[in-house]
Amino acid sequence: MENEFIQMIERAKKGDKEVLIELIMRQKQDYYRLAYIYMKNPDEALDAMEDMILKVYENIKRLKDNAAFHSWSKTILVNCCKNNLRRKNRVILSGSIPEVAYADVFQMKDEQLDIEKHMEKINYKFREILKLRYYLDMEYEAIAAILKIPLGTVKSRIHTGLIKLKESMGVSEE
């Protein structure tokens, strides 16, 4: 499987668009979730993914480590999301999760909105890392690779961000 993946990357580097699309489609849910965390809108998340596919196609020849394709392309996706948000002068990672019409999830929804409200109160650099870690369940190493920051910085920001979030929510550590 790994060998097939590397061969597909090599074919994509030689200009095979179909193989490149197949590589991306294999991870489409991961890409979409990542884009949605930033864009908070399904259509805008798909637009960011389209931008990412174009940039990946234009730059795949620059990819040095074929095994790092997914983290490299996710970094491009994050940058596309940030650029789209900057263009629209929107606040990154703001907004609420779309409403669900079932009565038995209202309490969970209220808790999510409460957490979102408190997340907005903490600094963006902490908020971004907390969402990548706890909303997308990303590993520390993946976050470090995508944001291009040291692993120790990721761990420190998660720790500090959790403290600031607890303070905002009035939760004391015992």
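- In the nomenclature of an unreviewed UniProt entry, the chain corresponds to RNA polymerase sigma-70 factor, ECF subfamily from the organism Desulfosporosinus hippei DSM 8344.
- The UniProt entry for the chain carries the following text under Sequence similarities (unreviewed entry): "Belongs to the sigma-70 factor family. ECF subfamily."

**Quick look at the packing of helix 7 (residues 124–134) against helix 8 (residues 140–147)**
Move 1: One can describe the packing of helix 7 onto helix 8 by two numbers: an axis separation of 10 Å at closest approach and a directional angle of 135°. With respect to helix 8, the axis of helix 7 lies oblique. Crossing geometry of helix 7 relative to helix 8 is assigned as right-handed. Contacts between helix 7 and helix 8 involve Glu 128, Ile 129, Leu 132 and Arg 133 from the former and Tyr 140, Ile 143 and Leu 147 from the latter.
Move 2: Looking at the contact of helix 7 with helix 8, its residues break down into 5 nonpolar, no polar and 2 charged.

**Some details on helix 1 (residues 2–13)**
Helical periodicity: at 3.6 residues per turn, an α-helix aligns residues three or four positions apart in one direction.
Move 1: Helix length check: helix 1, at 12 residues, gives a terminal C-alpha distance of 17 Å against a target of 16 Å (1.5 Å per residue), a fit within 8%.
Move 2: Those residues of helix 1 that fall on the buried side of the exposure criterion are Phe 5, Met 8, Ile 9, Ala 12 and Lys 13. Seen along its axis, helix 1 keeps its buried residues to an arc of 140°; they face one direction.
Move 3: Turning to helix 1, the residues buried within the fold contact helix 2 (17–25) and helix 5 (69–87).
Move 4: Phi turns positive, to about 105°, at Gly 15, one or two residues after helix 1.

**Side note on the packing of aromatic side chains**
For any two aromatic rings, the description comes down to two numbers: the centre-to-centre distance and the angle of the planes.
Move 1: According to the stated counting rule, one finds 3 aromatic pairs in the structure shown.
Move 2: Plain terms: the ring middles of Phe 5 and Phe 69 are 6.4 Å apart, the flat faces sit at 65° to each other, and that makes the pair edge-to-face. Here Phe 69 lies in helix 5 and Phe 5 lies in helix 1, a separation of 64 residues in the sequence.
Move 3: The buried category is assigned to Phe 69, whose relative accessible area is 0%.
Move 4: Three or more aromatic residues joined by ring pairs make a cluster, and in this case those are Phe 5, Phe 69 and Trp 72.

**Examining helix 7**
Move 1: For helix 7, a buried count of 8 out of 11 residues is recorded, marking the element as mostly surrounded by other parts of the structure.
Move 2: Along helix 7, the residues that are buried comprise Phe 126, Arg 127, Glu 128, Ile 129, Leu 130, Lys 131, Leu 132 and Arg 133.
Move 3: At the N-terminal end of helix 7, a side-chain oxygen is found 2.9 Å from the backbone nitrogen of Lys 125, two or three residues along, and the residue is Asn 123.

**Details of the packing of helix 3 (residues 28–39) against helix 7**
Move 1: Where helix 3 contacts helix 7, the two axes come as close as 11 Å, and the packing angle between them is 150°. The angle between helix 3 and helix 7 falls in the class roughly antiparallel. As for the relative orientation of helix 3 and helix 7, their crossing is right-handed in sense. For the pair helix 3 and helix 7, the contacting residues are Leu 34, Ile 37 and Tyr 38 in the first and Tyr 124, Glu 128, Lys 131 and Leu 132 in the second.
Move 2: Broken down by class, the residue content of the contact of helix 3 with helix 7 amounts to 5 nonpolar, no polar and 2 charged.

Analysis parameters
- Residues numbered from 1 in each chain as written.
- Predicted model: local features only at pLDDT ≥ 70, side-chain atom pairs only at ≥ 80, totals over all residues.
- Heavy atoms only, no water.
- UniProt positions renumbered as here; feature names shortened; annotations may be inferred.
- Axes fitted to C-alpha atoms, helices over the stretch in contact; angles between N-to-C directions.
- Helix = DSSP H or I, 4+ residues; strand = E, 2+ residues; numbered from the N terminus.
- Parallel < 35°, antiparallel > 145°, perpendicular 65-115°, else oblique.
- Left-handed = near helix turned anticlockwise from the far one by under 90°.
- Contact = heavy atoms within 4.5 Å.
- Nonpolar A, V, L, I, M, F, W, Y, C, P; charged D, E, K, R; others polar.
- Expected span 1.5 Å × (residues − 1).
- Buried < 20%, exposed > 50% of the residue type's maximum accessible area, 1.4 Å probe, protein only.
- Arc of directions from axis to C-beta.
- Phe/Tyr/Trp six-rings, centres within 6.5 Å; stacked < 30°, edge-to-face > 60°.
- Polar contact = N/O pair within 3.5 Å; in protein donor to acceptor, adjacent residues only side chain to side chain.

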